[in-house]
Amino acid sequence: MTMRNSLLTVLGSVMLLGAAVPAHAESVLRIGLGADPDMLDPHLARTYYGRFVFASLCDRLVDVDENLKVVPGLAKNWSWSDDNKTLTMNLREGVTFHDGEKFDAEAAKYNLDRALTLKGSLRKSEISSIESVEVKSPTQIAIHLKTPDAALLMQLTDRAGAMMAPEAAAKPDFAAHPVCSGPYKFDSRVSQDRIVLSRFDNYWNKGAYHFDKIIYLPIPDASVRLANLRAGDLDLTEGVAASDVKTVEADSKLMLSKVTGLGYQGITFNINNGKVPANDPFKDARVREAFSLAIDRDALNQVVFEGLYTPANQAFSPVSPYHVNVPVPARDVEKSKTLLKAAGINAPLNVNLLVPNNPTSQQVGQVLQAMVAEAGFNLNLQMTEFATLLDRQQSGDYQLSFSGWSGRPDPDGSIYGFINSKGNLNDGRYSNAQVDEWLTQARLNTDPAARQPLYDKVVKQLQTDMPIAYLYFEPRIFGLNKSVQGFKPYPDGIVRLAGLTLAK
């Protein structure tokens, strides 16, 4: 850890980045992030914050607009076969990667094959319907599917569809020196400090981008991020704390921009991942349900988020057409105690919860600690850096973990990877064959009227199986200097840089 980061940790909101950030220049945009991204390899990455960097670094085959509709990316257009089992894509011509390699159909095939076969790829379950990728011509690929997959196109708008330079991606240190074809290329990274991207002069749509450098600055404390924004050391920050909204609105130099998000926060229970003791109480669904029932989600929202967040009991945000109308259960301490007793648990039950080391998450953890204590849970908070938390969650080195998902426009992207028994993000190793079947059937059908009842069944089943105790849906709240022009908030929370300028 650098000396400045040590001071940031010690001094909290008093400390500003000050001289550590380059002097303001019109051609530099500085963006505050809530945590340091994990590895900069789209196939291995899993943090929300990494998606901000990938949005500038790596073009995808397709993208989404601010209304979450799929729009062209490196694929100019596409079409489906009559049986919905072949997706044909026509690719842009004249596109090059940052290292000069040519983007073509062979490169697109390489990337999709890599996502499906690379050891540790977190994209496998997202695009597992792909049987093979065929190069039809230098500018056309045909993606052949095992079964129809209503979610595939939307998955290709994110990391599964990110295009990397094949020669560079074959190297073992790719994540330290990522090479893609986006509007900005990788310049440098200092862990826990900054990621710097610089303009790619050969970008196919260069005219839409107006900065010479983009600097992403991870600052876990939202109050410190805001202090840096107010001091002029950041131009834009994501994740403005609910308690800071009025401060931003009252500052004549700043603007607030917000949109209802697709993402949720929740608690993942380790049911069967890693070296879970055979007698771990959370293997019993009754204990998981008891823990969830001990939480007052409305009170949590009021205490920590000033009523700006929405209590949750599922993966689908209210802005999703697939949101299931199942009431969020009221807190019921007596039923919680009864469930614990039925499961043979003698209170108090000692529980370890991984919590990201930022003040907001810590506050949520402390509120949960007080609530569940009344039902007989003695909750120990294990504060840890976010990327470390995800590593521990993935390897099974945890009991309970406080984490979430930024959400996807297609419902499959917010639930399949976490709940399906073969899902790459199923860190609790929850398994229910009937739920697997419903999720698979929902992928096979492109008709929303046929998919909705299947997701209804999944959400209702998860109320008792409780592999994840969903807590709340997050609004996406941005603070920006008024000199930043052309910013549009997207429900997925990712900052897109096309059209952004700084007023002179």
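- As recorded by an unreviewed UniProt entry, the protein chain carries the name ABC transporter substrate-binding protein and is attributed to Lelliottia amnigena.
- Database annotation for the protein chain, UniProt heading Sequence similarities (unreviewed entry): "Belongs to the bacterial solute-binding protein 5 family."

1. As for the pairing of strand 6 (residues 130–137)
(1) Moving on: Strand direction decides the pairing type here: strand 6 and strand 7 (residues 140–145), joined by 6 bridges, are antiparallel. Opposite Val135, over in strand 7, you have Ile141 as the bridge partner.
(2) Moving on: Following strand 6, the chain reverses through 2 residues before pairing antiparallel with strand 7.

2. Description of the UniProt feature "domain: Solute-binding protein family" (unreviewed entry) in the protein chain
(1) Moving on: In this structure's numbering, the residues bearing the UniProt feature "domain: Solute-binding protein family" (unreviewed entry) are residues 69–423.
(2) Moving on: Within the segment residues 69–423, helix and strand shares are 27% and 25% respectively, and the terminal C-alpha atoms sit 25 Å apart.

3. Notes on the packing of helix 9 (residues 297–305) against helix 11 (residues 359–373)
(1) Moving on: Contact geometry of helix 9 with helix 11 gives a least axis separation of 10 Å together with a crossing angle of 140°. Accordingly, the angle class assigned to the pair helix 9 and helix 11 is oblique. In the crossing of helix 9 with helix 11, the sense of the turn from one axis to the other is right-handed. Residue-level inspection shows Ala299, Leu300, Val303, Val304 and Phe305 of helix 9 in contact with helix 11, the latter providing Thr360, Gln363, Val364, Val367, Leu368 and Met371.
(2) Moving on: Classifying every residue of the contact of helix 9 with helix 11 by side-chain character gives 9 nonpolar, 2 polar and no charged.

4. Thoughts on the sheet that holds strand 7
(1) Moving on: The strand order across the open sheet built from 4 strands is 4-5-7-6, with neighbouring strands paired in antiparallel fashion. What marks the edges here is a single partner per strand, and that holds for strand 4 (75–80) and strand 6. When strand polarity is set aside, the average angle formed by the axes of neighbouring strands in this sheet is 20°.
(2) Moving on: Pairing of strand 4 with strand 5 (residues 86–91) involves 5 bridges; the strand directions are antiparallel. Of the residues in strand 5, the one forming a bridge with Ala75 is Leu91.
(3) Moving on: Relative to strand 6, helix 3 (residues 105–117) is tilted by about 170°, and along the sheet it contacts strand 5, strand 6 and strand 7.

5. Comments concerning the state of the cysteines
(1) Moving on: Scanning all chains against the criterion turns up 1 disulfide.
(2) Moving on: Disulfide pairing is shown between Cys58 and Cys180; the S-S distance is 2.1 Å. Judged by the sign of its S-S torsion, about 50°, the cystine formed by Cys58 and Cys180 is right-handed. Separated by 122 residues along the polypeptide, Cys58 in the loop between helix 2 (48–57) and strand 2 (62–64) and Cys180 in the loop between helix 5 (166–169) and strand 8 (184–190) bring together distant segments of the chain.

6. Focus: helix 14 (residues 433–444)
(1) Moving on: The end-to-end C-alpha distance of helix 14 is 17 Å, a good match for the 16 Å that 12 residues give at a rise of 1.5 Å each.
(2) Moving on: On its buried face, helix 14 sits against helix 13 (412–419) and helix 15 (448–465).
(3) Moving on: Capping of helix 14 at its N-terminal end is provided by Asn432; its side-chain oxygen lies 2.9 Å from the backbone amide nitrogen of Gln434.

7. Quick word on the confidence of the model for the protein chain
(1) Moving on: Here the protein chain averages 92 in pLDDT, while 95% of its residues score no lower than 70.
(2) Moving on: Long-range and interchain partners of residues 1–25, a stretch whose pLDDT sits below 50, account for 44 contacts in this model, where long-range means more than four residues apart.

8. Re the packing of aromatic side chains
(1) Moving on: Applying the stated criterion to the full structure yields 21 aromatic pairs.
(2) Moving on: Here a set of aromatic residues connected by ring pairs shows up, and it is made of Tyr48, Tyr49, Phe52 and Phe386.
(3) Moving on: Residue placement shows Arg114 over the ring face of Phe174; its charged tip is 5.6 Å from the ring centre.
(4) Moving on: Here Arg476 stacks its cationic end above the ring of Tyr48, 4.5 Å away from the centre of that ring.

9. Remarks on the side chain of Asn270
(1) Moving on: Along the chain, Asn270 falls in the loop between strand 12 (254–269) and helix 8 (285–293).
(2) Moving on: Among the polar contacts listed, one links the side chain of Asn270 to the backbone nitrogen of Asn273, at a separation of 2.9 Å.
(3) Moving on: A polar contact is formed between the side chain of Asn270 and the backbone oxygen of Gly396, at a distance of 3.1 Å.
(4) Moving on: If we ignore the near neighbours within four places in the chain, the residues touching Asn270 are Val276, Gly396, Tyr398, Gln399, Asp427 and Gly428.

10. Concerning unusual backbone geometry
Phi is mostly negative for residues that are not glycine, and the peptide bonds are mostly trans.
(1) Moving on: Omega for the bond connecting Ala347 with Pro348 falls within 30 degrees of zero, at 0°, which places this linkage in the cis form.
(2) Moving on: Mapped onto the elements, Pro348 comes out in the loop between helix 10 (333–342) and strand 14 (349–356).
(3) Moving on: In this model, Asn84 sits at a positive phi of 60°, which is unusual for a non-glycine residue.
(4) Moving on: Assignment of secondary structure puts Asn84 in the loop between strand 4 and strand 5.

11. So, the environment of Asp187
(1) Moving on: Topologically, Asp187 is positioned in strand 8.
(2) Moving on: Classification of Asp187 as partly exposed rests on a relative accessible area of 36%.
(3) Moving on: Considered as a pair, Asp187 and Ile215 are 28 residues apart in the sequence and their alpha carbons are 9.7 Å apart.
(4) Moving on: Setting aside anything within four residues of it in sequence, one finds Asp187 in contact with Val196, Leu197, Ser198 and Lys213.

12. With respect to the nonpolar core
(1) Moving on: With 74 residues, the main nonpolar core has Met89, Phe103, Ile143, Leu156, Tyr216 and Leu497 as its most contacted residues.
(2) Moving on: The element that contributes the greatest number of residues to this core is helix 2, accounting for 7 residues.
(3) Moving on: Counting residues in hydrophobic clusters, the runner-up holds 66 residues, among them Phe269, Ile271, Phe282 and Val372.

13. Here's the deal with the side chain of Asp104
(1) Moving on: As for its placement among the helices and strands, Asp104 is situated in the loop between strand 5 and helix 3.
(2) Moving on: Buried and unpaired, Asp104 has Lys102 as its nearest opposite-charge partner, separated by 5.0 Å.
(3) Moving on: Polar side-chain contacts of Asp104 include one of 3.2 Å to the backbone nitrogen of Glu106.
(4) Moving on: Among all residues touching Asp104, those that are not within four sequence positions of it are Leu91 and Pro138.

14. Details of the pattern of salt bridges
(1) Moving on: As enumerated under the stated definition, the model contains 27 salt bridges in all.
(2) Moving on: Notably, a salt bridge pairs Arg189 with Asp36, separated by 3.3 Å at the nearest N-O pair. Placement of Arg189 in strand 8 and of Asp36 in the loop between strand 1 (28–33) and helix 2 is noted, with a sequence separation of 153 residues between them.
(3) Moving on: Take Asp36: its relative accessible area is 3%, and that puts it in the buried class.
(4) Moving on: With a closest N to O distance of 3.9 Å, Lys335 and Glu289 form a salt bridge. Within this pair, whereas Lys335 is found in helix 10, its partner Glu289 is found in helix 8, the two being separated by 46 residues in sequence.
(5) Moving on: On the basis of relative accessibility, which here comes to 15%, the residue Glu289 falls in the buried class.
(6) Moving on: One salt-bridge network, held together by shared partners, links Arg51, Asp158, Arg159 and Arg408.

How each quantity is defined
- Residues numbered from 1 in each chain as written.
- Predicted model: local features only at pLDDT ≥ 70, side-chain atom pairs only at ≥ 80, totals over all residues.
- Heavy atoms only, no water.
- UniProt positions renumbered as here; feature names shortened; annotations may be inferred.
- Pairing = 2+ DSSP bridges.
- Helix = DSSP H or I, 4+ residues; strand = E, 2+ residues; numbered from the N terminus.
- Axes fitted to C-alpha atoms, helices over the stretch in contact; angles between N-to-C directions.
- Parallel < 35°, antiparallel > 145°, perpendicular 65-115°, else oblique.
- Left-handed = near helix turned anticlockwise from the far one by under 90°.
- Contact = heavy atoms within 4.5 Å.
- Nonpolar A, V, L, I, M, F, W, Y, C, P; charged D, E, K, R; others polar.
- Disulfide = S-S within 2.5 Å.
- Expected span 1.5 Å × (residues − 1).
- Polar contact = N/O pair within 3.5 Å; in protein donor to acceptor, adjacent residues only side chain to side chain.
- pLDDT = per-residue confidence, 0-100.
- Phe/Tyr/Trp six-rings, centres within 6.5 Å; stacked < 30°, edge-to-face > 60°.
- Lys NZ or Arg CZ within 6 Å of the ring centre and 35° of its normal.
- Buried < 20%, exposed > 50% of the residue type's maximum accessible area, 1.4 Å probe, protein only.
- Core = buried A, V, L, I, M, F, W, Y, C linked by side-chain atoms within 4.5 Å.
- Lys, Arg positive; Asp, Glu negative; His and termini not counted.
- Salt bridge = Lys/Arg side-chain N within 4 Å of Asp/Glu carboxyl O.

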